[in-house]
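# Observations on the model geometry
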Amino acid sequence: MSTPHIKAEKGDIARTVLMPGDPLRAKYVAENYLENAKLFNTVRNMFGYTGTYQGKRISVMGSGMGMPSIGIYSYELFKFFDVENIIRIGSCGAYTDQIGLYDVLLADCAYSESTYAAVQSGEDKGPYTYPSKSLNERIEAIAEDLGTPITKGTIHSSDVFYRENFEEFKRIRDEHWAIAVEMEAFALFHNAQVTGKNAATILTVSDSLVTQEETSPEERQNAFTNMMEIALRLA
Ligand code: HPA
């Protein structure tokens, strides 16, 4: 069983897949957290691995950046590889000063101006898509168990990283109650909905549009660890 973008056998991929944007992040997770990790995909260097975490089988694979990219990979995983759960583990930019660098956020809604959902299914259900309620409840329970504070809210999934009008984020924040921006969750949630599967998005804050602070790569790595541990326990 191979698709245009994933060259693997069905049984090579676990029911639950963690998806960082960066395929080298997937490699890092596989090498540092999983036991007996086996590489299942190298097409376009979008590395995917399956191994075990605390005895449970789990996969980790890069999604690339943006909705077209995560749209392709998540659809193929759900539709052709019998994947049941995809948990995006990514980074985001804060839209409010109530959120600090390195905070861990859990998307309970994704807002987007993207036409991804309307084009994909031929139905325009509006600018919001939603994660799996049961996955989110489990993520919150695990975070509480680990003592990692988590902030829930609406995430803006943007098609554009570099806007000519930087200040536009304030309008989006105020009209849609968006607390942070990333570029993938809206399409991932839509794909889960049309395929009858489950998706969630956990994010760490890597920059702030309000204070214009940014994190260093080393600091990002540490913050990533907290988020990772929550996600791995979903196995
Ligand atoms: N914009 C969009 N996506 C992001 C950002 C941002 O500022 N930070 C991390 N992902």
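Numbering of residues begins from 1 in every chain and follows the order in which that chain's sequence is written. The predicted origin of the model limits local features to residues at a pLDDT of at least 70 and limits the giving and counting of side-chain atom pairs to 80 or more, whereas totals for whole chains, interfaces and linings rest on all residues. For the side-chain quantities, the full set of heavy atoms in the structure was used; hydrogens and water were omitted.

## Looking at the overall build of the protein
- What counts as a helix is a DSSP run of H or I of at least four residues, what counts as a strand is a run of E of at least two, and both are numbered from the N terminus. Assigned secondary structure in the protein consists of seven helices and 10 strands.
- Expected size for 235 residues packed as a compact globule is a radius of gyration near 18 Å; at 17 Å, the protein falls within 12% of this value.
- Projected onto its principal axes, the C-alpha positions of the protein cover 45 × 40 × 30 Å.
- Here the protein holds 235 residues, and the buried ones make up 53% of them.
- Contact criterion: two residues are considered in contact whenever any of their non-hydrogen atoms come within 4.5 Å of each other. Sequence separation of 24 or more characterises 76% of the internal contacts of the protein that already satisfy a separation of 6 or more.
- Under this rule, positive means Lys or Arg and negative means Asp or Glu; His and the chain ends count for nothing. Positions of charges follow a simple convention, taking NZ of Lys, CZ of Arg, CG of Asp or CD of Glu. Averaging the locations of the 22 positively and 32 negatively charged side chains of the protein gives two centres separated by 8 Å. For the radius of gyration, the atoms used are the C-alpha atoms, and the globule rule reads 2.2 Å times the number of residues raised to 0.38. In this scheme, a residue with accessible area under 20% of its type's maximum is buried, one over 50% is exposed, and one in between is partly exposed, where area comes from a 1.4 Å probe on protein chains only.

## Regarding the pairing of strand β5 (residues 85-94)
- Burial runs high along β5: nine of the 10 residues are buried.
- Of the pairings in the sheet, the one linking strand β1 (residues 16-19) to β5 comprises four bridges and is parallel in character. Across the sheet, residue Thr16 finds its bridge partner in β5, namely Asn85.
- Two strands make a pair as long as DSSP finds a minimum of two bridges between them. In this sheet, strand β10 (residues 198-208) lies alongside β5 in parallel orientation, the contact comprising 10 bridges. Among the inter-strand pairings, Gly90 is bridged to a residue of β10, identified as Leu203.
- Summarising the sheet, β5 and strand β9 (residues 178-182) pair through two bridges and their orientation is antiparallel. Residue pairing in the sheet places Ala94 in a bridge with Ala180 of β9.

## Some remarks on the site of the ligand
- A molecule or strand has a residue near it when one of that residue's heavy atoms lies within 4 Å. The environment of the ligand is formed by Ser91, Cys92, Gly93, Phe161, Val181, Glu182, Met183, Ser206, Asp207 and Leu209.
- Polar contact is defined as a pair of N or O atoms within 3.5 Å, subject to the rule that within protein one atom must be able to donate a hydrogen and the other to accept it, and that residues adjacent in sequence are counted only when both atoms are side-chain atoms. Separating a nitrogen atom of the ligand from a backbone N or O atom of Ser91 is a distance of 3.4 Å.
- Between Gly93 and the ligand, the recorded distance is 3.3 Å, taken from a backbone N or O atom to a nitrogen atom.
- For accessible areas, the Shrake-Rupley method is used with a probe of radius 1.4 Å. Any residue's cover is judged against the shown protein chains and nothing else. Against a free-state accessible area of 260 Å², the protein chains account for coverage of 87% of the ligand.
- Taken together, the elements giving at least two residues each to the shell around the ligand come down to β5, β9 and β10.
- With three residues, β5 is the largest single contributor of residues to the shell around the ligand.
- Put simply, Ala, Val, Leu, Ile, Met, Phe, Trp, Tyr, Cys and Pro go in the nonpolar bin, Asp, Glu, Lys and Arg in the charged bin, and everything else, Gly too, in the polar bin. Of the residues assigned to the shell around the ligand, the class counts are five nonpolar, three polar and two charged.

## Some thoughts on the packing of aromatic side chains
- Here the aromatic set is Phe, Tyr and Trp, taking the six-membered ring for Trp, and pairing holds for ring centres within 6.5 Å; pairs whose planes are under 30 degrees apart are stacked, those over 60 apart are edge-to-face, and all others are tilted. Enumeration according to the criterion identifies five aromatic pairs in this entry.
- Look at Tyr95 and Phe169: their rings are 5.2 Å apart centre to centre, the planes differ by 35°, and that puts the pair in the tilted class. Pair noted here: Tyr95 is in the loop between β5 and β6 (104-111) and Phe169 is in helix α5 (residues 168-176), with a separation of 74 residues, a long-range link.
- An aromatic cluster is defined as three or more aromatic residues linked by ring pairs; in this entry it consists of Tyr95, Phe166 and Phe169.
- If you follow Arg25 out to its NZ or CZ, it ends over the ring of Phe224, 3.9 Å from the centre. Whether a charge sits over a ring comes down to the Lys NZ or Arg CZ being within 6 Å of the ring centre and within 35 degrees of the ring normal.

## Topic: the packing of helix α1 (residues 23-33) against helix α7 (residues 217-232)
- Lines fitted to C-alpha atoms define the axes here, with helix axes fitted over just the stretch in contact, and angles between the N-to-C directions of these axes take values from 0 to 180 degrees. Close contact between α1 and α7 brings their axes to 12 Å; oriented N to C, the two are set at 70°. Taken together, the axis directions place α1 and α7 in an arrangement best described as roughly perpendicular. Judged by the sense of rotation from one axis to the other, the crossing of α1 with α7 is right-handed. Between α1, through Arg25, Tyr28, Val29 and Tyr33, and α7, the contact on the second element is made entirely by Gln221, Phe224, Thr225, Met228, Glu229 and Leu232.
- Among the residues making up the contact of α1 with α7, the classes are represented as six nonpolar, two polar and two charged. These descriptions rest on fixed angle ranges, namely under 35 degrees for roughly parallel, over 145 for roughly antiparallel, 65 to 115 for roughly perpendicular, and the rest for oblique. Should the near helix be turned anticlockwise from the far one by less than a right angle, the crossing is termed left-handed; should it be turned clockwise, right-handed.

## Details of α1
- Within the span of α1, buried status applies to Pro23, Ala26, Val29, Ala30 and Tyr33. For α1, the arc enclosing every buried residue in end-on projection is 120°, short of the 170-degree limit, so these residues lie on one face. Exposed residues lying more than 90 degrees from the buried face of α1 are Leu24 and Glu31.
- Here the buried face of α1 lies against β2 (35-41), β3 (48-53), β4 (56-61) and α7.
- Measuring from the backbone nitrogen of Leu24 back to the side-chain oxygen at the start of α1 gives 2.8 Å, which picks out Asp22 as the cap. Here the arc refers to the set of directions running from the helix axis out to each C-beta atom.

## With respect to the side chain of His156
- Along the chain, the position of His156 falls in strand β8 (residues 150-157).
- Excluding residues within four positions of it along the chain, His156 makes contact with Tyr95, Tyr111, Ser112, Glu113, Arg163, Ile172, Ala178, Ala180, Val181 and Glu182.

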